[in-house]
Amino acid sequence: MADAVTLPDTGYGLAEAAILSQPGLSTATLPDVLARPAVVTEAAGPPAPTLRKVLIRKRGPEVSVEIQASAPMPRPLLKGVEGVVDLLSLPAGWNSYSAKPIQPQNAIRAIRLLAEFLGSETPSPAAVPTVRGGIQLEWHTKGVNLEIYIHSPENVSFFADRVGSDEACEEPLAGHEQELRSWLERISGK
Amino acid sequence: MSILEDCAKNFPDDATVPDSVALLRRIPPKHFYLDHNLGRCRPSSAAFEDDEDGDPMSIYRKDVIDRERGDVRRVLIGHPGYALTTLTAGQVRSKSQTVFPAPLPEESSHAKICGPKPRSTRRWFSEQAVWAIPPPGK
């Protein structure tokens, strides 16, 4: 099994005409697209990918997602992206109460954040929806609890602590990017 | 009006609900995962937010269900894939929450937990919660 996949610079994603002919985006849709030999090739190395385009179209319950990347995407990143995309199919009231659907702009922010901060050895986060249409990205591993809160593209913050110690922080992401990288390195085992 | 004042006025604590009473919270499939640090599946802190419309968080009183000789599984009817977790009334009160009975026509045990729920409180709830009905397959 390949450690990474290459996404063609021309982009990959779900052809809008095709996806809009389906009842909705299933959790399997993105992996299915990624698994097509035509768009997935093995990569020799894992240089950091740059996302050149992240496009989400919603028409009622139907969702299409298009992502263009410039370099191989490590599998943990792909898995994380899939987790985020999966949230877009949640309807209003998905928590059995009055939760809002996930806002596409928050999903785009989450995908871009994952591409920017996840290294090739960083495990995939749990992508968790919030009742107001936001997204939490969570890791609870290697003695670290790390939660990134995406309330809106402009309002992103994170919490981290080390289990069994007083070491903890809760900060807005803006201005504290290096601190977040430091916590992510810990769960990456570096 | 502060959240505490609003809760005291509109969702006052019912002191007749003992601190020992188990309060059940329905957890949707996207709100639990394996916590490798704890070595078990647990709910996310996101599962303990007030409703999107500002209504306080809903729970179900196990003492009411028990008194009616009911089964807690009735709270999950119509919600496949969900799990059911518990906190005690004492635990939520320790975080400045009120326990306000709010029976519904379809569920007599329904109640509201009113109070400020900053992330630290929601995280604490998620760490303290104990499964009454664990996630399917976990």
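Presented here is a report on the structure given in the accompanying data block. (Residues numbered from 1 in each chain as written. Chains lettered and ligands numbered in written order. Predicted model: local features only at pLDDT ≥ 70, side-chain atom pairs only at ≥ 80, totals over all residues.)

### Examining the overall build of chain B
Counting secondary structure elements, chain B contains 4 helices and 8 strands. Taken from N to C terminus, the helices and strands of chain B fall in the order α-β-β-β-β-α-β-α-β-β-α-β. The C-alpha radius of gyration of chain B comes to 14 Å, within 12% of the 14 Å expected for a compact globule of 138 residues. The dimensions of chain B, computed from C-alpha atoms along their principal axes, are 40 × 35 × 30 Å. (Helix = DSSP H or I, 4+ residues; strand = E, 2+ residues; numbered from the N terminus. Rg over C-alpha atoms; globule rule 2.2 N^0.38 Å.)

### Things to note about the sheet that holds strand β7 (residues 126–129) of chain A
All names here are of chain A. Taking strand neighbours across the sheet as the criterion, the 5 strands line up as β7-β8-β9-β10-β11 in an open arrangement whose pairing is antiparallel. Across the chains shown, the open sheet's two edge strands, defined by having one partner strand only, are β7 and β11 (168–172). If you compare each strand with its neighbour and ignore which way they point, the axes differ by 15° on average. With 8 bridges connecting them, strand β9 (residues 144–152) and strand β10 (residues 155–162) associate as antiparallel partners. Along β10, the bridge assignment pairs N145 with D161. Contacts from helix α3 (residues 75–87) reach β7 and β8 (135–141), with the element oriented near 15° to β7. (Pairing = 2+ DSSP bridges. Axes fitted to C-alpha atoms, helices over the stretch in contact; angles between N-to-C directions. Contact = placed C-beta atoms within 7 Å.)

### Points about the interface of chain B and chain A
Each partner contributes residues to the interface: chain B has 18 residues there, and chain A has 23 residues. Here the residues of the side of chain B that touches chain A are counted per class, giving 3 nonpolar, 7 polar and 8 charged. (Nonpolar A, V, L, I, M, F, W, Y, C, P; charged D, E, K, R; others polar.)

### Structural notes on the environment of B:V64
Residue and element names in this part refer to chain B. As for its placement among the helices and strands, V64 is situated in helix α2 (residues 62–67). Given 18 C-beta atoms within 10 Å, V64 falls into the partly exposed group. Taking the C-alpha atoms as reference, V64 lies 20 Å from I27; in sequence the two are 37 residues apart. Not counting residues up to four positions away in its chain, the partners in contact with V64 are S108 and S109. (Buried ≥ 20, exposed ≤ 12 C-beta atoms within 10 Å, placed from the backbone.)

### With respect to the packing of α3(A) against helix α4 (residues 104–117) of chain A
All names here are of chain A. Where α3 meets α4, the axes come as close as 10 Å, and the angle between the chain directions of the two elements is 175°. In this view, α3 runs roughly antiparallel relative to α4, as classed from their interaxial angle. The residues of α4 that touch α3, namely those facing L77, G80, V81, V84, V85 and L87, are A107, A110, I111, L114 and A115. When the residues that make up the contact of α3 with α4 are grouped by side-chain class, the tally is 10 nonpolar, 1 polar and no charged. (Parallel < 35°, antiparallel > 145°, perpendicular 65-115°, else oblique.)

### A closer look at the nonpolar core
A:V84, A:A107, A:A110, A:I111, A:L114 and A:I135 are the most contacted members of the largest nonpolar core, which has 69 residues in total. Beyond its immediate sequence surroundings of up to four residues, A:I111 is in contact with A:L51, A:V54, A:V81 and A:V84. (Core = buried A, V, L, I, M, F, W, Y, C linked by C-beta atoms within 7 Å.)

### Looking at the sheet that holds strand β1 (residues 22–27) of chain B
All names here are of chain B. Spatially, 6 strands are ordered β6-β7-β4-β1-β5-β8 in an open sheet, and the strand pairing comes out antiparallel. Here the strands that pair on one side only, and so sit at the sheet edges, are β6 (98–101) and β8 (130–133). Taken over all neighbouring pairs, the strand axes of this sheet differ in orientation by 40° on average, direction set aside. Direction of pairing for β1 relative to strand β4 (residues 57–61): antiparallel, over a ladder of 2 bridges. Each bridged residue has a counterpart across the sheet, and for L24 the counterpart in β4 is Y60.

### Points about the pairing of β9(A)
All names here are of chain A. Two elements, β8 and β9, share 7 bridges in a ladder whose sense is antiparallel. Looking at the pairing, E138 lines up with E147 of β9. Hairpin connection of β8 to β9: 2 residues between the antiparallel strands, including K142 at a positive phi of 50°. Where β9 folds back onto β10 in an antiparallel hairpin, the turn is made up of 2 residues.

### Re the pairing of β7(A)
Note on strand geometry: in a regular strand, side chains alternate between the two faces of the sheet. The alternating pattern of β7(A) places A:A126 and A:V128 and A:A127 and A:P129 on opposite faces, both of which are buried. Between β7(A) and β8(A), which pair antiparallel and follow one another directly, the connecting turn spans 5 residues, one of which, A:G133, has a positive phi of 90°.

### Notes on the environment of A:S188
Residue and element names in this part refer to chain A. Relative to the assigned elements, S188 resides in the segment after α5 (177–187). Through-space distance from the C-alpha of S188 to that of T141 is 9.4 Å; in sequence the pair is 47 residues apart. Residues contacting S188, with those up to four places away along its chain left out, are G119, E121 and T122.

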